[in-house]
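Descriptive analysis of the structure
The chain contents come next:
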Amino acid sequence: MVDERGSTMPPADPSEHPGGDLSRHDDFAEHRVSPSEQTTIQIPAQHAVGDGPGRPTAIQTVSTWTSAHGPIVKKVALGVAVCLVGVAGFAGLRKIADAPADPDAHGRSAQTPGTEKSTPDEAAEGVRRAAAGQAVLQKMADSIDEKRKSAFLGTIDPLAKSFDAQARTIYSNLGKLPLATFQLRYVSDDIGALPPDRQRELGGTESWLAQVEVSWQLSGFDTKPARETLPVTFVTRDGTTYAASFSERFVAGQRRPIWALGGIEVAKGERSLVISLDSQADADDYADVTDRAVTSVTKVWGKNWKQKAVIYLPAKQSDMEYVLGAQPGTYTQIAAVTMAELDTPATGAPTRIVANPKLFDELGRQGRRIVLTHETTHVASTATASPVPLWLAEGFADYVAFTAVSVQDESAAKELFKAVRAGKTPKTLPTPEAFAASSAELPQAYESAWLACRLISEREGQGKLVEFYRAVHTSKSRTGLADAFKTVLGTTEQEFTADWQKYLKRLAGV
Ligand SMILES: [Zn+2]
């Protein structure tokens, strides 16, 4: 579906990022997603502001589907978080330095103005800076790997006092994570990025900004490394090159690794890893709830997935936005986001559930379990790289969540029943547009999708529902959905829709 965030992003500044392409991705069946795009799906989350922690049942939880301010939605990022590094106008270095690990991820930058204008001398200078920068990065990565703090701190500019504190936090954070790999790779420099004032401030004989790809893999959780591109400031003084910042001039939409945002706490469950920036949050409790969510999902989906989930718990809204590369305020009403922490969507991409701590707290434990089970279903079914239509992705995730935590229909399908009783039975299965955050019928879309999946399960058995989902998910054909209706369920979408309408009327007592 259309990336709701796409419309909130400011246009790229052409002076800074020539060649920027912020076009929206709105063809769900199209697998190629550009790095500057993010596809999202939402479900209404329970709004429990003012509800005490002692809410006794899930029924009450779900009876507050909407607040006075409209539905609160949680969002699953399908595909990738925005990364505009690829559209920044770097000098000619790209031609001669190592290509990015995934050329497609940065492919759009290949023809940036200025690229052709670099002279051989400039290119040689770029190579020299790249070698000096990469040497610093290699020392950093090695010292992380070998757990040599003093060697790590030796790569930090002795005059960059504030970065020194951040670097110590980063070193400490990385020591808390079960890292299988940690690598830093110099991608390209951006010679015009540091204004003269800043260069004077940095001092030394030379200073510059480079984009550096950091890749890191969580042992036991990731099958591929997570990747971000960080702006790293280098300064050379007295013949030695140092890193002087990891956060100068982030490009709008550039994601930041959670371990670079502040001190983290890490809680490990049986099948979950919680990485928390929020010292007030009970990370162990989140791990516990996530473990239960993983078990619930496996019961329905089967064991054919990693059966692990990684949860990020930002301390504040801005942390969440940094992790997701989102514009400020984008997720004010979003309870959780599932994202692939990679520049291109792919099966096996490291997937993270990013919680919005304030809303999660307000949900209460039962609500958190529903939301985390829903999200974990997306993780298990690799919804971040799937051609399934939104009604099936969201309906199935809700089916699993409401199978784990039983909820009365009257509460869970409140808006839909209201419509059906008013003679407004939906004419079609919910469209992608119905799942837009701005959609007036968002709760109804989720309720409709959930009951469509439940109808399949009631009529054909849960196994058939899963088989149907998998058939659509693995199909390479544009007719994958129609094919699955026919081969798995022995029906057509049209016939099924008619049955589903009858089912809704029966449930609503019409
Ligand atoms: Zn969802």
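Residues numbered from 1 in each chain as written. Predicted model: local features only at pLDDT ≥ 70, side-chain atom pairs only at ≥ 80, totals over all residues.

**Brief notes about the overall build of the protein**
Selection criterion: Only DSSP runs of H or I with at least four residues qualify as helices, and only runs of E with at least two residues qualify as strands; both kinds are numbered from the N terminus onward. The exposure scheme places C-beta atoms from the backbone and then counts, for each residue, the other C-beta atoms within 10 Å of its own, assigning buried at 20 or more, exposed at 12 or fewer, and partly exposed in between. We call two residues in contact if the C-beta atoms placed from their backbones are at most 7 Å apart.
Secondary structure summary: the protein contains 17 helices and 12 strands in total. Burial analysis of the protein (510 residues in total) assigns 52% to the buried set. A fraction of 70% describes how many contacts in the protein between residues 6 or more apart in sequence connect residues 24 or more apart.

**Overview of the nonpolar core**
Inclusion rule: The term nonpolar core refers to a set of buried Ala, Val, Leu, Ile, Met, Phe, Trp, Tyr and Cys residues connected through C-beta atoms within 7 Å. Where a domain begins and ends is set by an automatic assignment or by a domain database.
Formed by 128 residues in total, the largest nonpolar core has its most connected members in Val212, Phe234, Val274, Tyr286, Ile311, Leu313 and Val354. If you tally residues by element for this core, the top one is helix H11 (residues 390–404), at 11 residues. No fewer than three residues from each of domain 1 (4–82 + 264–508) and domain 2 (85–250) sit in this core.

**Points about the environment of Val310**
Topologically, Val310 is positioned in strand S10 (residues 309–313). Judged by local crowding, Val310 falls into the buried class, with 21 C-beta atoms found within 10 Å. Distance from Val310 to Ala287, taken between C-alpha atoms, is 9.0 Å for residues 23 residues apart in sequence. If we skip the residues at most four places from it in the chain, Val310 touches Leu218, Phe221, Leu273 and Arg352.

**Topic: the environment of Pro389**
The residue Pro389 is located in the loop between helix H10 (357–380) and H11 in this model. With 22 C-beta atoms counted inside 10 Å, the residue Pro389 sits in the buried group. Sequence separation of Pro389 and Thr431 is 42 residues, and the distance between their C-alpha atoms is 8.5 Å.

**With respect to the packing of helix H14 (residues 442–460) against helix H15 (residues 462–474)**
Test applied: Axis geometry follows a simple rule: fit a line to the C-alpha atoms, using only the stretch in contact for helices, then measure angles between N-to-C directions, giving values from 0 to 180 degrees. Should an angle fall under 35 degrees it is called roughly parallel, over 145 degrees roughly antiparallel, and 65 to 115 degrees roughly perpendicular, with every other angle called oblique. Residue polarity follows a fixed list, in which Ala, Val, Leu, Ile, Met, Phe, Trp, Tyr, Cys and Pro are nonpolar, Asp, Glu, Lys and Arg are charged, and the others, Gly among them, are polar.
Two elements in contact, H14 and H15, have axes separated by 6 Å at closest approach and are oriented at 130°. Judged on the interaxial angle alone, H15 and H14 are oblique. Contacts from Cys453, Ile456, Ser457 and Glu460 of H14 reach H15 at Gln462, Lys464, Leu465 and Phe468. Residues that form the contact of H14 with H15 fall into these classes: 4 nonpolar, 2 polar and 2 charged.

**Considerations on H14**
Formally: Every helix has an expected span of 1.5 Å times one less than the residues it contains.
End to end, H14 covers 27 Å across 19 residues, agreeing with the expected 27 Å (1.5 Å per residue, within 8%). Counting buried positions along H14 gives 14 out of 19 residues, so the element sits mostly inside the fold. One or two positions beyond H14, positive phi appears at Gly461, with a value near 100°.

**Regarding the sheet that holds strand S6 (residues 226–237)**
Where we set the bar: Paired strands are those between which DSSP finds at least two bridges.
Strand order in the open sheet formed by 4 strands is S4-S5-S6-S7, with antiparallel pairing between adjacent strands. Each edge of the open sheet carries a strand with a single partner, namely strand S4 (179–190) and strand S7 (240–245). With direction set aside, neighbouring strand axes in the sheet form an average angle of 40°. Pairing of S4 with strand S5 (residues 206–218) involves 10 bridges; the strand directions are antiparallel. Opposite Tyr186, over in S5, you have Val212 as the bridge partner. Sheet strands in contact with helix H4 (residues 120–145) are S4, S5, S6 and S7, and its direction is about 165° off that of S4.

**Considering the confidence of the model for the protein**
Any segment with low pLDDT has predicted coordinates that should not be analysed in fine detail. Test applied: The score called pLDDT rates the predictor's confidence residue by residue, from a low of 0 to a high of 100.
Of the residues in the protein, 76% have a pLDDT of 70 or more, and the chain-wide mean is 78. Across residues 1–116, confidence stays below pLDDT 50; counting only partners more than four residues off in sequence or on other chains, it has 290 contacts.

**Points about the environment of Ala422**
Tracing the sequence through the fold places Ala422 in the loop between helix H13 (414–421) and H14. When the C-alpha positions of Ala422 and Val510 are compared, they lie 9.3 Å apart, and in sequence the two are 88 residues distant.

**What to know about unusual backbone geometry**
Positive phi is not limited to glycine here, since Lys147 has a value of about 55°. Here Lys147 lies in the loop between H4 and helix H5 (149–153). With 11 C-beta atoms packed within 10 Å, Lys147 lands in the exposed category. The backbone of Gln307 sits at a positive phi, close to 55°, despite the residue not being glycine. Relative to the helices and strands, Gln307 is located in the loop between helix H8 (283–301) and S10.

**Quick notes on the packing of H15 against helix H16 (residues 480–487)**
What describes two packed helices is the angle between their axes and the distance between those same axes. What counts, and what does not: When the near helix sits turned anticlockwise from the far one by under a right angle, the crossing is termed left-handed; a clockwise turn instead gives a right-handed crossing.
In the contact formed by H15 and H16, the axes pass within 8 Å of each other and the chain directions differ by 150°. As summarised for this structure, H15 and H16 are arranged roughly antiparallel, according to the angle between their axes. With respect to the hand of their crossing, H15 and H16 are arranged in right-handed fashion. Contact with H15, carried on its side by Phe468, Ala471 and Val472, involves Gly480, Leu481, Ala484 and Thr487 of H16 and no other residues of that element. Of the residues belonging to the contact of H15 with H16, the class tally is 5 nonpolar, 2 polar and no charged.

**Points about the pairing of S6**
Counting buried positions along S6 yields 11 of 12 residues, so the element is predominantly enclosed. In the sheet, S5 pairs with S6 via 11 bridges, with the strands oriented antiparallel. Looking at the pairing, Ser215 lines up with Arg227 of S6. The pairing of S6 with S7 spans 5 bridges and is classified as antiparallel. Bridged to Thr236 within S7 is Thr241. Hairpin remark: S6 followed by S7, antiparallel, with 2 residues in the connecting loop; positive phi at Asp238, about 50°.

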